[in-house]
Amino acid sequence: MNAVEQALSPKAALRLISGNHACALAAVAAGCRFFAGYPITPSSEVAERLSQLLPEVDGVFVQMEDEIASIAAVIGASMGGVKALTATSGPGFSLKQENIGYAAGAEIPCVIVNVMRGGPSTGMPTRPAQGDIMQSRWGSHGDYPIIVLAPASVREIYTETLRAFDLAETCRTPVVLLYDQVIAQLTETVDLADAKDLRNAERKWASGPRETYQPYATGEDGIPAMSRPGAGYRVHTTGLNHAENGFPTQNPEAVARNLGRLLTKLDRHREAIDSWQAIGCADAEVVIVAIGISARAATRALDLARARGVRLGLFRPVTLWPFPETALREATKNARAVLVPEMNAGQLSLEVERILGGKRVDAIHRYNGEPITPAEIAERAEALAKEAR
Amino acid sequence: MIVDSAAEFDVREYLRMEMMPHFLCPGCGHGIALRALLWAIHELGIDKDQLAVVSGIGCAGRLSAYIDANTFHVTHGRPLAYATGLALARPDLHVVVITGDGDCLAIGGNHLIHACRRNLKLTCLMLNNEVYGMTGGQVSPTTSESRLTTTTPLGNAEPNFDACALAAAAGASFVGREVTHHVPKLKELIRSGLAHPGFAFIEVLCDCTEIFGRKNELGSSAEMVLRQKSDLRPSAYRDSVDTPFRSNDLPTGILAKTDRPEYGAAYRKAAAAQRASKAAKASTGANKGKA
Amino acid sequence: MRDARLEIRIGGTGGQGLILCAKMLADALCTTGSRVAQSQTYEPTSRGGYCNSDLVISEREVDFPLATALDCLVLLDRMALKPSLPLLKPGGLVIADTRLCPELPAGHYRLHHLPLSRRAIELGSERVANIVALGALAALAGICERKALEHAVRAETPKSFLDINLDALAAGYRLGEQATPTAALIFG
Amino acid sequence: MHAVPETVELSKRPDQDLRPLTGNEAIARGAWEAGVRVAAAYPGTPSTEIMESLAGYPAEDLHAQWSTNEKVALDVAIGASFAGSRAFASMKHVGLNVAADAFMSQAYIGVNGGLVLAVCDDPGIHSSQNEQDTRIYGQFATVPVLEPSDAQEALDLTKLAFDLSEQFDTMVIVRGTTRLSHTRSPVAIGPRTEHPTRGFLENPAKNVMIPAHARRRHVAVIEREAKLKAYLETAPINRWETGDASFGVITAGTCYPYVREVLPNASVLKLGASWPLPDDLLRRYCASVERVFVVEELEPVIEKELRALGIKVEGKQFFPREGEFSPEILRAGFERAGVLEPRAQRAGWALEPLARPPVLCAGCPHTSSFMAVRASGARVAGDIGCYTLACLDPLRGLDTTVSMGSSIGNAIGMAMAGDTKPVMATIGDSTFLHAGIPGLINAVYNQANITVLLLDNHITAMTGGQEHPGTGKTLRGEEAPKVDYEALVRAIGVKWVRSVDSYDLAQMYQTLREAIAYRGVSVIISNRPCVLDPVKIKGPALAIVNEQCNACQSCMNLGCPALTWGKDTFEGRHKVKIDQSLCIGCTLCAQVCTVDCIKPAATVAQ
Amino acid sequence: MSRPTASTSSAKDGQLRPTAAAAKAREPMNVLIVGVGGQGVIMVSKALASLAQSKGYQVKQSEVHGMAKRGGTVFSHVRFGPQVWSPTIPKGEADILVALEWAEGLRWLPFLKPDTGIFICDTKRIVPPFACLNRRPGAPLRYSRETPAEVRAQVAEAYAIDATRMAEELGNERAANVVLIGALSTALDFPAGDWEKSLAQFVPKKTIAVNLDAFRLGRSWIEEARTNPVVTEAPAAKAAALAHVPYSVRLEITPEWCKSCDICVKLCPERCLRLNAERIVELAQPEKCTGCRLCELLCPDFAIRVHLDSAVVAIAAAAQETKA
């Protein structure tokens, strides 16, 4: 029994584990056999853990010379048909953006963990923040689709990591696992017993004769079948705009056709992609929309407020991007106001405002490295509820 | 023997014919270097399906598109990093990197030195034409001093890299340099590089006639091809009678070769050893338990 | 619901093994069915600077995993005093090292001034002060079974340190069991 | 090829002694013994060693110089004669063409100090562009021509020529041939006789050739011819050797020993001067034999004169008008004429002789120049010099070669006539100074669109390495001002001038192409010393790494004599090997080698 | 010794009187020394002429200059005797032919006296560039094919000496000509000591010792060869096995790929390519193409493919022939 099997054995189902370690464990469980990274606080434990785990499963861990090299190596490994992961934090995430765009454009599956810390720039390496919400969606240039998952607990890091690989592989897209420093380095008791029901999805591999194979031609699902090097297809992969045959083109029709397909491909898989949690929203006067540690504080705030007779609800997008818009509208349809507590100067609230156009949206913005406390949320939400009555 | 297979090697068997003719300028040395690469691949009998070519951005980066193999045209400066991932994940593939002087030494310089140090089995073919050709002729890390480029209108004042010395200093276990005029020799060098069980860095001095040559009045392609070597004066000619007339002295051929352990194999070996030792422990533990 | 939540902080300086002892405690609690969230400060000056390790213990899944109101505070250095004391619940339990945290301001808490580090020195290594503190905390707070804690200490200790750690844990338990509050509840 | 030391020693020992001298050395000795004061020449095979040999005599005895061309050399000698000193000029047959203008006028003027012109013909064309017969020049200008038959006579007749010159107030030609020049035989030498300067003779009517003076001088020249004829009737330089009266042979110069070789006992009239001819002597001799044969190399000069005298002679119907004579040619002629029994023909062994034409030396800098010339696709007017050899395979770099300095004028004409190819002239440094400069001036003046490749190898290489005004040294090796070609060319008005090291093949290719692209006169100075002179260059030899050679023949294309085929082949083509005793390490082959298999021999396992 | 000229005519009464020509006393000795420029032919002939002159003979030594040092044929006629007329030796009259190079020796063989001539020849082969002009596959080396054995059958007395190797073994390749002088000395009546004295005047001071060794080696070699014929074949004389391999060179040009860069045209060793009116490469002189593949290898656009048709068959055949 190797470390992974041990970790996943029923006896060990209930265990104490940190967020970053959960991510590492889940990655291996999801079939990830390649990790490339560069040390950066507060994500390094993912790398450290995988450096122990991957050799156990005949996978490869490599510490690269920088974050750019890390994402590049990850995409390279994935081009080779191997599920691959990298993990980083703000400054490193910034460095990775060009190549994330490449992975999106060339439709190479990969998973990128971004543990959010204070910013901008080097910011506060050991303090939590939630300032990469927009970057995770729009970080690379040009238009491209991407999936961003925002787990709020150690257990969810585990499950969302599994899901990240599933989505990356099935949708042929980079998936960002976005969580904050608190969750990353928090050690929690988690029950992994019910998390073992993995889909462990495989990429859609090319089949059929080489002569008729078009690397970027798709069927209804909008996801092209990928060719595995060595399988005899010998295709070209490029970051240049390309036609269905994979070769660069500047033909406007071909570019529009293929890029248009790329930009809408996730829409056809929203059922699998979308994930959220809505607590007590049905009768809530005020719905709190939050992710990560802020959502954890909000959960407690719900209890605090109910004790004082104020009905609060919580909408927590687990899939942050594409944003579960419909679910948010549904969850907030009865609420008089929405409160968005977030550890940044206003990112999630922008998206919420956009989606809920016209509804009262208030926000708590915190960027001093201190998590927003349940009491603060409760207090503001109560005030908001009273105001709205 | 370096000349043997010329007769049976038809480069077209390795080209994506639908992509031809290629987009390179007339007389571009990259085309010659590409032939040498494909020839070497042919000689080694590497299955095209098992061949992966990773290239960066620039004129050299575009070459991968013409090779009938698994080809990856990646981001600027990063082909070595992509290739590192690919080669580590897929040790069964033959991974070749085609990169240019700017791609490899400027934006990708960090990856180069670490690839040299890491010694993963990769063949890095750096086509050095002394200039950023794709972007219209800007100064590159290998542009010779005093040369004119679109960004050095006064003549390049920066010293240039000796890429091979750099790679060797960074620990590359195989370093070689050749000019395009010596196609069979270049093929042989690349072949040795491909066969080398570790990281092989090969610099090919290529002419950029249309942009660099024209700007610096270096003559036609044939003249530039000849000049590459007369300017180089490989050390072999150092003592010849024309010594006083030329100063450059860049060596060619295999310039460094060591048998350091290959990273991927070493890593896998260590991992396997660890797995074996754990399995042994586990089984003895289980036996004890039974007893 | 508030009753279902217990918050413990072990405060001191970097290098005192605060996180390790919090983890041992968390492990012990975990085996006994509690849900634990353990977090800590990661200061840029992780060696010698202020450091703490927090445990939030709950019967069900911990909602907010960070300390909001401490039930117990272990002070292994005076540095931890200032950031931690304001979080202390009224009437909370404070265990402070006599040597490294000799003076405490007046407040509404139960204070046990114990020679944790001195006892550790007597045992042969100041580095086991954290385990002494862990024993004392376990004894005074009564939050976990001694056997479970001993098991956790065994699991997390390298062989060469096992004896001294177990001795330290026992010494801590003794200190805790014999202790009477060195200061009465003070209403400031 | 420089001064012969033993001759210098001899000059210190006036007692008669036998020394092995070549004909050229003997002519020089004769001039020295005759007290010559000023001597000038332009090198030209086979005459070159005459002046080199003269320069071996003490500087206090005579001034000897290389002049820029033969006309200048003759003018220098004429000047010295004007000044009353014995003067001497030497040249090859075609050199006299260059000097002909001065020569023809000087024939009218005559001499003050004795003036002798040694002209060496080249029957058989060993190293020339034609085999013209200098005796006709003597006839044409009414200047006596003495013809030595061996080295001893070369000495004797040269000495005599000075005396005759002063006696008859005429320049005298001593005519040699390649065979005389380059045959060594024992010569009795003598001391030098000083002839103090006579001083300038102020006599404009004789010395200034305006029409009025010249008309009178022509009369004097014709009178002089009569006097010379009279002298020659009895002169001991003519020899009547008796023999069988059934036939006789009239001959002169180097034909004489061949005649004697073939007909040891025949009646022979050996003429010491082939112009003018002693009519009476000839009549008397012809009357003494039944048949008369004239044996003379090249043109039937004597034969025609005899026919003009009404004497029945036989000659050119048996002995060819072209090529160098040999005993077997004479034997064959006499056999055909029926005076010799045909020899039994032996069934010869059919041997196909190996073609071994002269080639550019290993490492010759012209090689790379002509590689580039060839690649340029230009129409090339060549000139006289080693580089004329570049017309042969494999360089095949020349389209025309006419005469010294003709290349530039020829190129101008080709360009003006609208040759579809770019037009180029290639000319050596010495040839350029000899006769190329006026052509270049003409090109600029007439705005010709041509490229001139000035092949500066720092020496007059073809004739064996003589100094010239571009080398910075005189004939005697003293420092001299050096021509700055680039400045000279610019002064002429050429705007596009570039110097290039011809060992830099790529640079050579490029410069040539750019020069051709320039509209107007462009001049490239290819600057590389000759590998033989003034010092023999020998660098580390190169060798071929045999197993790497793919027999592409790129190096064989240089035509380097150090390169040949080894025993191995590749795809049916021969692999190359380098003769290390010939290789000088110029690296040109390595520069064209497409597999980089040419390395210093020391690093190549043989 | 008197002046050798036969100029005994005298002028009397204004008329030149005839005299008898000097009778030919004895045929002179004719030695023809030949080789290639740079081999030292002139030195050999000077040494011989000097020795002959010191013995009181009339000597004529005639040679060519000029082009000779440029790798061309060099010959020197040495004639000595009481009376020598022609400076050159008539065809079929040479008593001894000394050749410093194999093909040169063959070239001058017709000058040797058919019945009594002695042929002394170095087996060294200096192959001129002209012998390699036809560079097409299978083209033979245009060098003399006759073997020493064949020559021996035709000549009265013939010696093929590997003088160059012998000199190399003595430590100075350049002394090969002196080995041949040694051989020559056995054919003439001069004492060995006189030869050595003459030699010493003509070789560089530093090399006198090695040259004297070379001389003695040449002498003893001949003496041994006379009693015990040495078989020395000209090296690789029969190395024409690969000649006439029937390759047919064919260039396959893809015109739409050619970008007119001119590299192939400029670097083709045979200059057989050109750009046509459309600036596309074409094989202008197929008869010159050797199939060297340089154009194929250096074409950046892959527009040229060289085929050596039936190459496989030909190579196989040639290999078998070599084995046989």
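This one's a predicted model, so the numbers in the text were calculated from it and none came from an experiment.

> Honestly, the overall build of chain B in this entry has me stumped. Any pointers?
Along the backbone of chain B there are nine helices and nine strands. By the burial criterion, 63% of the 291 residues in chain B qualify as buried. Taking the contacts inside chain B whose residues are at least 6 apart along the sequence as the reference set, 69% of them involve residues at least 24 apart. A total accessible area of about 9,900 Å² is found for chain B, and carbon and sulfur atoms account for 56% of it.

> Mind showing me how you'd approach the overall build of chain D here?
Helices and strands together make up the secondary structure of chain D, namely 20 helices and 23 strands. In terms of overall dimensions, chain D is globule-like: its C-alpha atoms have a radius of gyration of 27 Å, near the 25 Å expected for 606 residues. Each of the three principal axes of chain D carries a C-alpha extent, and together these read 75 × 65 × 55 Å. Residues counted as buried form 66% of the 606 residues belonging to chain D.

> When you look at the domain arrangement of chain D in this model, what are you seeing that I'm missing?
A common way to state how big an interface is: give the accessible area lost once the parts meet. Partitioning chain D into structural domains gives domain 1 (5–234), domain 2 (239–337), domain 3 (365–527) and domain 4 (542–603). Between the C-alpha centres of domain 2 of chain D and domain 4 of chain D there is a distance of 54 Å.

> What should I look at first to understand the interface of chain D and chain E in this one?
Across the boundary between the two partners, chain D contributes 83 residues, which contact 93 residues of chain E. Across the chain D to chain E interface the summed buried area is about 7,900 Å²; carbon plus sulfur atoms make up 58%. Linking chain D with chain E are five salt bridges. The residue Glu571 of chain D makes a salt bridge to Arg293 of chain E at a minimum N-O spacing of 2.9 Å. Joining chain D to chain E, the criterion identifies 21 residue pairs in polar contact (both at pLDDT 80 or more). For strand S8 (residues 183–189) of chain D and strand S5 (residues 58–63) of chain E, the ladder comprises two bridges, and the chain directions are antiparallel. In the strand pairing of S5 of chain E, Arg184 of chain D is matched with Gln61 of chain E.

> Honestly, the nonpolar core in this entry has me stumped. Any pointers?
Residues Ile408, Leu440, Ile450 and Ile598 of chain D together with Phe119 of chain E are the most contacted members of the largest nonpolar core, which totals 190 residues. Broken down by element, the residue count for this core peaks at nine residues, all from helix H1 (residues 29–44) of chain B. Those residues in contact with Phe119 of chain E that sit more than four places away from it in its chain are Leu97, Ala99, Trp102, Gly105, Leu106, Leu109, Leu112, Val151, Val155, Glu157, Ala158 and Tyr159 of chain E. One finds Leu54, Val57, Ala168 and Val176 of chain A within the second-largest nonpolar core, a separate group that totals 165 residues.

> Explain the interface of chain D and chain B here, please?
Every contact between the two is made by 37 residues of chain D and, on the other side, 29 residues of chain B. Buried area between chain D and chain B, both sides added, is near 2,600 Å², and the carbon and sulfur share of it is 56%. Connecting chain D to chain B are two salt bridges. Residue Glu223 of chain B is joined to Arg513 of chain D by a salt bridge in which the shortest nitrogen-to-oxygen separation is 2.7 Å. The tally of links from chain D across to chain B stands at five residue pairs in polar contact (both at pLDDT 80 or more). If you list the elements that add at least two residues to the side of chain D that touches chain B, you get helix H19 (505–517), helix H20 (588–592) and strand S23 (598–600) of chain D. Examining the composition of the side of chain D that touches chain B, we find that seven residues originate from one element, H19 of chain D, more than from any other. Across the side of chain D that touches chain B, the residue classes tally to 17 nonpolar, nine polar and eleven charged.

> I tried to follow the domain arrangement of chain B on my own but got confused; where do I start?
All names here are of chain B. Along its sequence, chain B is organised into domain 1 (4–260) and domain 2 (262–291). With centres defined by C-alpha atoms, the gap from domain 1 to domain 2 works out at 42 Å. With ten residues of domain 1 in contact, the opposing surface of domain 2 contributes four residues. For the pair domain 1 and domain 2, the two sides together bury roughly 520 Å², of which 59% comes from carbon and sulfur.

> Is there a simple way to think about helix H4 (residues 109–118) of chain B in this case?
An α-helix turns once every 3.6 residues. As a result, residues three or four positions apart point the same way. Residues and elements named next belong to chain B. With seven of ten residues buried, H4 lies mostly within the body of the structure. Within the span of H4, buried status applies to Gly109, His111, Leu112, His114, Ala115, Cys116 and Arg118. With its phi angle positive at about 60°, Asn119 sits one or two positions after the end of H4.

> Just checking my understanding: could you explain the sheet that holds strand S4 (residues 70–75) of chain C for this structure?
Two orientations exist for strands paired in a sheet by backbone hydrogen bonds: parallel and antiparallel. If you walk across this open sheet you meet the eight strands as S1(A)-S8(A)-S2(C)-S3(C)-S1(C)-S4(C)-S5(C)-S6(C), and the pairing is mixed. The outermost strands of the open sheet, each flanked by one partner alone, are strand S1 (14–18) of chain A together with strand S6 (109–114) of chain C. Each adjacent strand pair in this sheet contributes to an overall mean axis angle of 20°, direction not counted. Where S4 of chain C meets strand S5 (residues 88–97) of chain C, five bridges bridge the pair, whose relative direction is parallel. If you follow Leu73 of chain C over to S5 of chain C, its bridge partner there is Val94 of chain C. The sheet strands contacting helix H1 (residues 18–31) of chain C are S1 and strand S8 (187–191) of chain A together with strand S1 (5–13), strand S2 (35–40) and strand S3 (50–58) of chain C, and the helix crosses S3 of chain C at an angle near 10°.

> Just checking my understanding: could you explain the arrangement of the chains for this structure?
Where the five pairs of chains in contact are concerned, the greatest contact count is recorded for chains D and E. At the level of C-alpha atoms, the two units chain A and chain E stay apart, their nearest approach being 19 Å. The two units chain C and chain E remain apart, with a minimum C-alpha distance of 57 Å.

> I keep staring at the packing of aromatic side chains and nothing clicks. Help me out?
Geometrically, a pair of aromatic rings is defined through the distance of the ring centres and the angle of the planes. Per the stated rule, a full pass over the model turns up 33 aromatic pairs over all chains. For the pair Tyr256 of chain D and Trp85 of chain E, a centre-to-centre distance of 5.4 Å together with 90° between the ring planes defines the contact as edge-to-face. Pair noted here: Tyr256 of chain D is in helix H11 (residues 255–262) and Trp85 of chain E is in the loop between strand S6 (73–81) and strand S7 (96–99), and the two residues belong to different chains. Classification of Trp85 of chain E by relative accessible area gives buried; the value is 8%. Geometrically, the ring pair formed by Phe318 of chain D and Phe319 of chain D is edge-to-face, given 6.4 Å between the ring centres and 70° between the ring planes. A relative accessible area of 1% places Phe319 of chain D in the buried class.

> What's the story with the pattern of salt bridges in this structure? I'm lost.
Side chains carrying opposite charge are able to pair once their charged atoms draw close together. Residue and element names in this part refer to chain A. On inspection of all chains with the given rule, the structure shows 109 salt bridges over all chains. Glu376 serves as the salt-bridge partner of Arg366, at 2.5 Å between the closest nitrogen and oxygen. Of this pair, Arg366 sits in the loop between strand S15 (360–365) and helix H14 (374–388) while Glu376 sits in helix H14; the two residues are ten residues apart in sequence, bridging distant segments of the chain. Judged by its relative accessible area of 28%, Glu376 is partly exposed.

> For this particular structure, what's the right way to read helix H1 (residues 41–54) of chain E?
Residue and element names in this part refer to chain E. A rise of 1.5 Å per residue sets the reference length of H1, with its 14 residues, at 20 Å; its end C-alpha atoms lie 20 Å apart and thus fit the reference within 8%. Counting buried positions along H1 yields ten of 14 residues, so the element is predominantly enclosed. Phi turns positive one or two residues past the end of H1, at Gly56, with a value near 90°.

> Mind showing me how you'd approach the packing of helix H5 (residues 93–109) of chain D against helix H10 (residues 211–234) of chain D here?
To characterise two packed helices, one gives the angle between the axes of the helices and the distance between these axes. Residue and element names in this part refer to chain D. Packing of H5 against H10 leaves a shortest axis separation of 7 Å and a crossing angle of 80°. What the angle tells us is that H5 and H10 run roughly perpendicular. Contact with H5, carried on its side by Ala107, Tyr108 and Ile109, involves Ala214, Arg217, His218, Val221 and Arg224 of H10 and no other residues of that element. Per-class residue counts for the contact of H5 with H10 are five nonpolar, one polar and two charged.

> Which parts of the structure should I look at to understand the confidence of the model for chain D?
As a general rule, the predicted coordinates of low-pLDDT regions are not to be interpreted in detail. Per-residue pLDDT for chain D averages 92, and the proportion of residues at 70 or more is 97%. For the stretch residues 1–15 of chain D, pLDDT sits under 50, and the model shows 26 contacts to residues farther than four places along the chain or on other chains.

> What is the right way to read the environment of Ala278 of chain A from this model?
Along the chain, Ala278 of chain A falls in strand S10 (residues 276–279). Apart from residues no more than four positions distant in its own chain, Ala278 of chain A is found in contact with Leu314, Phe315 and Ala331 of chain A.

> Where do I start with the environment of Pro224 of chain A in this structure?
All names here are of chain A. With respect to the secondary-structure elements, Pro224 resides in the loop between S8 and strand S9 (236–238). Residues Pro224 and Val235 lie eleven residues apart in sequence; the distance between their C-alpha atoms is 13 Å. Leave out the neighbours within four places in its chain, and Pro224 touches Glu107, Arg172, Lys204, Pro215, Tyr216, Ala217, Thr218 and Arg261.

> Would you mind going over the sheet that holds strand S12 (residues 273–275) of chain D with me for this structure?
All names here are of chain D. Reading across from one edge, S3-S2-S4-S5-S7-S6-S12 is the order of the seven strands in this open sheet, with mixed pairing throughout. The outermost strands of the open sheet, each flanked by one partner alone, are strand S3 (63–66) and S12. Strand direction decides the pairing type here: strand S6 (residues 145–146) and strand S7 (residues 172–177), joined by two bridges, are parallel. Its bridge partner lying in S7, Val145 is registered against Ile173. Running at roughly 165° to strand S4 (residues 87–92), helix H4 (residues 70–82) makes contact with strand S2 (38–41), S3, S4 and strand S5 (115–121) of the sheet. Where helix H7 (residues 151–168) meets the sheet, its contacts fall on S4, S5, S6 and S7, and the angle it forms with S7 comes to roughly 160°.

How each quantity is defined
Residues numbered from 1 in each chain as written. Chains lettered and ligands numbered in written order. Predicted model: local features only at pLDDT ≥ 70, side-chain atom pairs only at ≥ 80, totals over all residues. Heavy atoms only, no water. Helix = DSSP H or I, 4+ residues; strand = E, 2+ residues; numbered from the N terminus. Buried < 20%, exposed > 50% of the residue type's maximum accessible area, 1.4 Å probe, protein only. Contact = heavy atoms within 4.5 Å. Areas by Shrake-Rupley, 256 points an atom, 1.4 Å probe, with all protein chains shown as cover. Rg over C-alpha atoms; globule rule 2.2 N^0.38 Å. Domains from an automatic or database assignment. Buried area = accessible area lost by both parts, 1.4 Å probe. Salt bridge = Lys/Arg side-chain N within 4 Å of Asp/Glu carboxyl O. Polar contact = N/O pair within 3.5 Å; in protein donor to acceptor, adjacent residues only side chain to side chain. Pairing = 2+ DSSP bridges. Core = buried A, V, L, I, M, F, W, Y, C linked by side-chain atoms within 4.5 Å. Nonpolar A, V, L, I, M, F, W, Y, C, P; charged D, E, K, R; others polar. Axes fitted to C-alpha atoms, helices over the stretch in contact; angles between N-to-C directions. Phe/Tyr/Trp six-rings, centres within 6.5 Å; stacked < 30°, edge-to-face > 60°. Expected span 1.5 Å × (residues − 1). Parallel < 35°, antiparallel > 145°, perpendicular 65-115°, else oblique. pLDDT = per-residue confidence, 0-100.

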